[in-house]
Amino acid sequence: MFDLIIKNANLPDGRKGVDIAVTGGKIAAIEANIAGEASETIDATNRLVSTSFVDPHFHMDATLSLGLPRMNTSGTLLEGIALWGELRPMLTKEALVERALAYCDLAVSQGLLHIRTHVDTSDPRLVTAEAMLEVKERVAPYIDLQTVAFPQDGYYRAADGVKSLERALDMGVDIVGGIPHFERTMQDGAASVEALCRIAADRGLPVDMHCDETDDPMSRHIETLAAETVRFGLQGRVAGSHLTSMHSMDNYYVSKLIPLMAEAEINVIPNPLINIMLQGRHDTYPKRRGMTRVRELMAAGLNVSFGHDCVMDPWYSMGSGDMLEVGHMAIHVAQMSGVEDKKQIFDALTVNSAKTMGLQNYGLSVGCNADLVMLQAEDVLEALRLKPTRLAVIRRGKVIARTEPKISHLQLDGRPGMIDAGRNPTTRN
């Protein structure tokens, strides 16, 4: 007797028409024609069933604050930071919690059940940290939420920035963050990387830094981050987020940099939607788009995962909580349109991001947590093309969200009467 059986599922690795059985919140079997009864049975009808989506880079304290206190008229990163600075003194714990919970509802509907959020520690009140830690506790039954102590205004640049970050960690924030390119000088940026990696080593914590989020090819803090990672023995526990300056660096320097990053086992987190929206704003033409060198980093064996970063906040007025939207954009910007390319992009939304976050028991094999999403698509290629409906979202073997499939009914002489949005139109019956 199983708690749940999903029948006739297509899997991301290409297997088709298999069954998935769940007991006690864990995957108990994955094979064809599983015998036995279950409390609930779902027929996937040869649709894709994947592990739930993972977002390793988000700003939940700012989400859904679009228009507060005003709009970002220039659309630039720096105006977004300035806007957030205007809003920050007005923030209340109650409003922060309410907006974050509303976003988490949206995330669940999209099959997004694992999120790492950066928490601004620049305000000594630390109302953001207090609020996000409450949200983490409240959503724990359905979302794995990690928090990063993020000194938005600079670890050294902000008044009380050093003390505030340490206090946030003392409160229980999980990860050490940083923003070296926003310090007053390159030297201060490098010093902040060293100091923050030392804190992480002393406390036994991971590191996740906003790093070189700029068009300036001379912003090279990722080199320092890689060196300090090795120095403090943090290999595999450090993430460099954004890394947009690599888009503008010359190839010779990058040919040295990427092996250094690989030696340090840096996790790389590009944010395609935000990177291409905010970077290159000062260019005329030719115009840079600003996303880091995804293909080259993957080819070198680095773990690359994609973040959504923002939804309706001072930096980005768009967003839907849909990680497939992130992957869809990555395909275009990275020009990774081949079949194997797209499979790598899908992995960057799931298994790679789970590795970045250090998630335990994540995966689609026996013994893993039954955190799954069934999509109205037949395979990962179609999922990335269509950004399809999430027909069922499953957390620890329990369905926590359902959506009706998108079906169009046509009235055209001599043509089919129905279109299932998740079936390839060239092969439908």
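Residues numbered from 1 in each chain as written. Predicted model: local features only at pLDDT ≥ 70, side-chain atom pairs only at ≥ 80, totals over all residues. Heavy atoms only, no water.

A.B. asks: Lay out the overall build of the protein with the relevant residues and their values.
C.D. replies: Of regular secondary structure, the protein possesses 13 helices and 17 strands. Taking 429 residues into account, the globule formula puts the C-alpha radius of gyration at 22 Å, and the protein, at 22 Å, falls close to it. Dimensions of the protein, computed from the C-alpha atoms along their principal axes, are close to 65 × 45 × 45 Å. Evaluated residue by residue, the protein yields a buried proportion of 56% over its 429 residues. Long-range pairs, those at least 24 residues apart, make up 75% of the contacts in the protein between residues at least 6 apart in sequence. Surface summary for the protein: the accessible area is close to 17,300 Å², and the carbon and sulfur share equals 51%. (Helix = DSSP H or I, 4+ residues; strand = E, 2+ residues; numbered from the N terminus. Rg over C-alpha atoms; globule rule 2.2 N^0.38 Å. Buried < 20%, exposed > 50% of the residue type's maximum accessible area, 1.4 Å probe, protein only. Contact = heavy atoms within 4.5 Å. Areas by Shrake-Rupley, 256 points an atom, 1.4 Å probe, with all protein chains shown as cover.)

A.B. asks: Account for the packing of aromatic side chains, with residues named and values stated.
C.D. replies: Aromatic ring pairs are described here by two measures, namely the spacing of the ring centres and the angle between the planes. For the coordinates displayed, the defined rule picks out 4 aromatic pairs. Ring centres of F58 and Y103 lie 4.4 Å apart, and the angle between their planes is 15°; this geometry places the pair in the stacked category. Of this pair, F58 sits in strand β5 (residues 53-58) while Y103 sits in helix α2 (residues 93-109), and the two are 45 residues apart along the sequence. One exposure class covers both F58 and Y103, and it is buried. Note on W84 and W315: the rings are 6.2 Å apart at their centroids and 45° apart in plane angle, and the pair reads as tilted. With W84 in helix α1 (residues 77-87) and W315 in the loop between β12 (303-304) and α10 (323-334), this residue pair connects regions lying 231 residues apart in the sequence. The pair formed by W84 and W315 is uniform in burial state, with each residue classed as buried. One cation-aromatic arrangement involves R220 over Y253; the distance from NZ or CZ to the ring centre is 3.7 Å. (Phe/Tyr/Trp six-rings, centres within 6.5 Å; stacked < 30°, edge-to-face > 60°. Lys NZ or Arg CZ within 6 Å of the ring centre and 35° of its normal.)

A.B. asks: Could you give me a rundown of the domain arrangement of the protein, with the residues and numbers involved?
C.D. replies: Annotation of the protein at the domain level lists domain 1 (2-46 + 363-420) and domain 2 (53-357). Averaged C-alpha coordinates put domain 1 and domain 2 at centres separated by 31 Å. Taken residue by residue, the interface counts 18 residues in domain 1 and 25 residues in domain 2. Taken together, both faces of the contact between domain 1 and domain 2 bury some 1,600 Å²; the carbon and sulfur share is 70%. For the domain 1 face of the interface with domain 2, the top three residues by lost area are L384, R390 and R395, together amounting to 41%. Where domain 1 touches domain 2, the interface holds 2 salt bridges. A salt bridge links R390 to D322; the shortest N-O distance between them is 2.2 Å. The interface formed by domain 1 and domain 2 includes 6 residue pairs in polar contact (both at pLDDT 80 or more). (Domains from an automatic or database assignment. Buried area = accessible area lost by both parts, 1.4 Å probe. Salt bridge = Lys/Arg side-chain N within 4 Å of Asp/Glu carboxyl O. Polar contact = N/O pair within 3.5 Å; in protein donor to acceptor, adjacent residues only side chain to side chain.)

A.B. asks: Explain the pattern of salt bridges residue by residue, including any values.
C.D. replies: This model, assessed by the stated rule, comprises 30 salt bridges. Measuring nitrogen to oxygen at the nearest pair gives 3.2 Å for the salt bridge that ties E134 to R138. Taken together, the residues E134 and R138, both in helix α3 (residues 127-139) and 4 residues apart, mark about one turn of the helix. Under the relative-accessibility criterion, E134 is labelled partly exposed at 25%. A salt bridge links R231 to E228; the shortest N-O distance between them is 3.1 Å. Taken as a pair, R231 and E228 lie in helix α6 (residues 221-231) at a separation of 3 residues, close to a single helical turn. What emerges from the salt-bridge pattern is a single network uniting R47, E378, D420 and R423.

A.B. asks: A description of the pairing of strand β7 (residues 144-150) should follow, citing residues and the corresponding values.
C.D. replies: Of all 7 residues that make up β7, 6 are buried, and the element is covered over most of its length. Examined bridge by bridge, strand β6 (residues 112-120) and β7 share 7 bridges and lie parallel to one another. Bridge pairing links H118 to V148 in β7. Where the polypeptide runs from β6 across α3 and back to β7, its parallel neighbour, the crossover connection is right-handed. Examined bridge by bridge, β7 and strand β8 (residues 175-178) share 2 bridges and lie parallel to one another. What sits directly across from A149, in β8, is V176. Each parallel crossover has a hand, and the one from β7 via helix α4 (residues 161-171) to β8 is right-handed. (Pairing = 2+ DSSP bridges. Right-handed = clockwise from strand over helix to strand, strands pointing away.)

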